[in-house]
Amino acid sequence: MKKALVVYPADQFPLLEKIHSFALTHDIKLIDVTEDEFLERPGQFTDQADHVIALVTDQTAAQFIDIAKTLNFSLGFVPLIAGGPLATWFKLPKQQDDAIRLAFEDDPEAIDILRCNNDVVIGSVTVGATPFVNQRSSTWLQREKNPWRYALYWLALLWRSVRNLFAIEVLPATLSTDKKKIQTAFTGLVALENDVHSAAARLLDTTISVQDNRVSVVAIAPKSITQYLSFLFQSLVRKDTQRKLPSCIGYIKTRQLHIKMAKPVRVVLDGRAYKTDDILLEMYPRAVRINMSDSYHDFHEAIDDNKDTMRIDNLPQSEERISRISSHLPLFTHALEDDFRELFIQIRDSAQAHPHYLALMVLSSVVATLGLFLNSIAVVIGAMVLAPLMAPIVAVAMGLLRSERSLTITSLKTVAIGVGLGLFTSAVLAMIVPVREITPEIAARLQPTLLDLGVAIACGIAGAYAYARASVMRSLPGVAIAVALVPPLCVAGIGVGWGSWPMISGAGLLLLTNLFGIAGAAALTFLVLGYAPVQRARKGLIVTFSSVAVIAIPLAFAFATIYQNYKIERYIANQPLLVEGRIIELTNVEVSTRRNTIYISADSVSTQPLDETSMLELKQQLENRWDRPVVLELGFRYRL
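Residues numbered from 1 in each chain as written. Predicted model: local features only at pLDDT ≥ 70, side-chain atom pairs only at ≥ 80, totals over all residues. Heavy atoms only, no water.

**Q** Pulling in residues and values, what's your account of the overall build of the protein chain?
**A** Each helix and strand in the protein chain was counted, giving 23 helices and 19 strands. Against the compact-globule benchmark of 26 Å for 640 residues, the protein chain has a radius of gyration of 38 Å, which places it well outside the compact range. Seen through its principal axes, the protein chain has C-alpha atoms that stretch 120 × 70 × 35 Å. Within the protein chain, buried positions represent 51% of all 640 residues. For the protein chain, the share of sequence-separated contacts (at least 6 apart) that also reach a separation of at least 24 residues comes to 75%. Working note: accessible area of the protein chain is about 30700 Å², and carbon and sulfur atoms make up 56% of it. Across the protein chain, the 61 positively charged side chains and the 61 negatively charged ones have centroids separated by 7 Å. (Helix = DSSP H or I, 4+ residues; strand = E, 2+ residues; numbered from the N terminus. Rg over C-alpha atoms; globule rule 2.2 N^0.38 Å. Buried < 20%, exposed > 50% of the residue type's maximum accessible area, 1.4 Å probe, protein only. Contact = heavy atoms within 4.5 Å. Areas by Shrake-Rupley, 256 points an atom, 1.4 Å probe, with all protein chains shown as cover. Lys, Arg positive; Asp, Glu negative; His and termini not counted. Charge placed at Lys NZ, Arg CZ, Asp CG, Glu CD.)

**Q** How would you summarise the nonpolar core if you had to cite specific residues and measurements?
**A** With 58 residues, the main nonpolar core has L5, F38, I65, L75, F77, F90 and I122 as its most contacted residues. It is helix α4 (residues 61-71) that contributes the most residues to this core, six residues altogether. Counting residues in each nonpolar core, the second largest holds 28 residues, with V125, V127, I182 and I279 among its members. (Core = buried A, V, L, I, M, F, W, Y, C linked by side-chain atoms within 4.5 Å.)

**Q** Before we move on, can you summarise the confidence of the model for the protein chain with the specific residues and values?
**A** The predicted model of the protein chain has a mean per-residue pLDDT of 83, with 90% of residues at 70 or higher. Averaged pLDDT values for the elements of the protein chain fall to 47 in helix α7 (residues 138-141) and rise to 94 in strand β8 (residues 171-176). (pLDDT = per-residue confidence, 0-100.)

**Q** Residues and numbers for the pairing of strand β9 (residues 181-186), please.
**A** It is a general feature of regular strands that their side chains alternate between the two faces of the sheet. Note that β8 and β9 share six bridges and pair antiparallel. Paired with S176 across the two strands is K181, which belongs to β9. Adjacent in sequence and paired antiparallel, β8 and β9 are bridged by four residues. (Pairing = 2+ DSSP bridges.)

**Q** Go over unusual backbone geometry, please, and point to the residues and values.
**A** The phi torsion at R286 lies on the positive side, around 45 degrees, for a residue other than glycine. Relative to the helices and strands, R286 resides in strand β14 (residues 272-290). Judged by its relative accessible area of 30%, R286 is partly exposed. The backbone of N588 sits at a positive phi, close to 50 degrees, despite the residue not being glycine.

**Q** Explain helix α12 (residues 319-327) residue by residue, including any values.
**A** Along α12, the residues classified as buried are R321, I322 and I325. Around the axis of α12, the buried residues are gathered within 95 degrees of arc, so they sit on the same side. For α12, exposure combined with an orientation more than 90 degrees from the buried face picks out E319, S323 and S327. Where α12 begins, one side-chain oxygen reaches toward the backbone nitrogen of R321, 3.2 Å away; that side chain belongs to S318. (Arc of directions from axis to C-beta. Polar contact = N/O pair within 3.5 Å; in protein donor to acceptor, adjacent residues only side chain to side chain.)

**Q** Which residues make up the state of the cysteines, and what values do they have?
**A** A complete count under the given rule lists zero disulfides for this structure. C490 supplies the cysteine sulfur nearest to C459, a cysteine that is in no disulfide, at a spacing of 16 Å. Classification of C459 by relative accessible area gives buried; the value is 10%. (Disulfide = S-S within 2.5 Å.)

**Q** Tell me about the packing of helix α22 (residues 534-574) against helix α23 (residues 612-626), and please be specific about residues and values.
**A** The contact between α22 and α23 brings their axes to 13 Å, and the two run at 135 degrees. Comparing their axes, α23 and α22 come out oblique. Viewed along their axes, α22 and α23 form a crossing whose handedness is right-handed. For the pair α22 and α23, contact is made by I568, Y571 and I572 and by L622, R625 and W626, respectively. Of the residues belonging to the contact of α22 with α23, the class tally is five nonpolar, no polar and one charged. (Axes fitted to C-alpha atoms, helices over the stretch in contact; angles between N-to-C directions. Parallel < 35°, antiparallel > 145°, perpendicular 65-115°, else oblique. Left-handed = near helix turned anticlockwise from the far one by under 90°. Nonpolar A, V, L, I, M, F, W, Y, C, P; charged D, E, K, R; others polar.)

Okay, structure coming up:
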């Protein structure tokens with residue numbers, strides 16, 4: 001440059017002197033004017049020079065760009081804040097001398113300019129609430145200094161987002177481009193210009209260029225609080241190489257975007273906040289000539305992109321969805337009627353006691369009962385595959401969740417019919433088969449505990465999820481649920497056939513545990529998947545979980561007893577027992593408790609058996625140890 005206009009704030013004389021020294025050294029004629037005078041009468045001064053050197057802050061740079069577009073002069077910037085957002089966005093030199101040299105170069109290139117409601121945007125525009133901390137704060141500016149600063153930045157982001165979790169406002173809006181118009185709703189929106197390294201830009205699976213004649217817009221549109229939390233977590237762990245948009249993010253790249261809101265909302269343009277209900281984003285290609293560094297032009301290669309990008313599948317677009325989330329963001333994502341119409345029709349049909357259901361119930365009970373008598377795991381598994389109880393139990397869960405009285409009653413009747421058939425079939429077989437032995441497979445179903453409730457809950461979750469997702473094999477829930485239902489049902493039926501109350505009560509408790517556990521877990525899974533709002537599901541959930549809580553009481557006592565027996569077995573097997581001066585080693589220890597008496601069965605290993613006196617002394621030691629009566633059964637194994 002041979003001649004330039006220098007615009008400076010009134011308090012920047014030291015920097016102005018440095019600029020004059022540079023101009024004197026390079027034989028450049030300068031015309032000085034204060035910032036206030038220039039902004040008041042820009043045309044009067046730009047007639048004297050075609051290039052303007054502006055000493056600017058992040059806030060004032062946009063004003064010079066706006067005037068430069070109108071009066072067609074070139075610009076060189078000397079940032080007053082070293083390392084600030086403006087210097088970062090424009091990749092200006094960190095050293096002041098280098099920044100002055102760049103500002104005077106006679107090689108300005110035209111760059112794209114974004115306007116928001118006719119105001120120049122340098123960094124970004126945010127609309128509504130965005131889960132990103134203020135990127136002009138000291139926390140953001142210092143985040144790259146060390147790992148602790150970076151961690152502090154993300155903690156601040158997370159804290160601010162979670163703090164306002166239940167106050168998130170969903171904003172219905174109409175988004176219009178030159179070619180497309182959509183009705184949608186979002187919680188926040190970010191229009192990116194030069195701020196291409198922001199948290200919003202990192203959510204995208206594509207590189208943003210500010211020289212492509214298009215504005216890039218990121219819309220944040222969670223359909224529930226849980227989806228919003230998932231989005232926050234993904235933002236924290238997201239890698240730059242990740243090639244998939246988060247589930248609640250929409251991306252639009254277009255030359256012009258008109259956003260019409262239902263009411264005035266908060267808009268922040270490069271740190272300046274105001275409210276409006278009408279936002280127009282317009283991109284002006286190659287509008288202003290500015291001296292930029294080589295690194296800026298290398299990173300933002302000029303591209304004439306004439307294609308819009310509309311990745312809006314994640315944005316809510318149906319009237320029903322927008323209406324549901326506009327009043328308040330629900331805890332779980334609600335499935336729309338179109339999402340579960342087919343599933344609901346199928347569930348209503350499966351709640352009926354069809355002839356094939358009755359036939360499969362009888363056959364599975366026959367196979368399971370014979371497998372229990374034979375102590376054959378393979379045969380019992382075959383019965384699990386045949387069992388049709390999964391469908392009506394899922395129908396019970398859906399009926400309770402959606403407070404569908406007719407569906408709940410019908411499916412409960414179908415479950416009752418299936419259970420009745422299973423009990424009758426296994427009882428008849430128990431009376432016919434001359435075997436009266438409690439096999440290990442039968443004994444395994446006689447003492448249910450909280451662990452069995454855990455199995456039932458896991459099966460219920462797996463069954464409901466697989467039933468709701470067509471992509472998952474339909475056989476999976478049938479197998480998972482039958483594992484927990486058919487064997488105890490048939491053991492209870494065998495108890496009926498034998499007239500054994502302990503078998504009926506033990507297996508019956510396990511059967512009820514699995515029925516309530518599976519139904520409750522399936523209902524909760526359907527709730528999380530959004531098949532009913534929490535308010536509608538409240539009554540059914542209360543009934544279900546109250547029943548599970550009542551069932552859990554005897555299970556807890558049984559678990560405590562089993563755990564106590566386990567501790568006694570470990571003590572006897574691992575603790576040396578001294579009787580009449582010699583150590584007694586016991587193996588194959590089995591412990592059971594009936595009322596207040598401990599029954600211990602074990603083998604003593606030695607070169608000679610214990611006499612009666614030794615066994616009585618051992619019995620006395622064990623009674624003193626647990627302060628309870630002990631019934632001791634000892635076998636003997638020779639060690640030679």
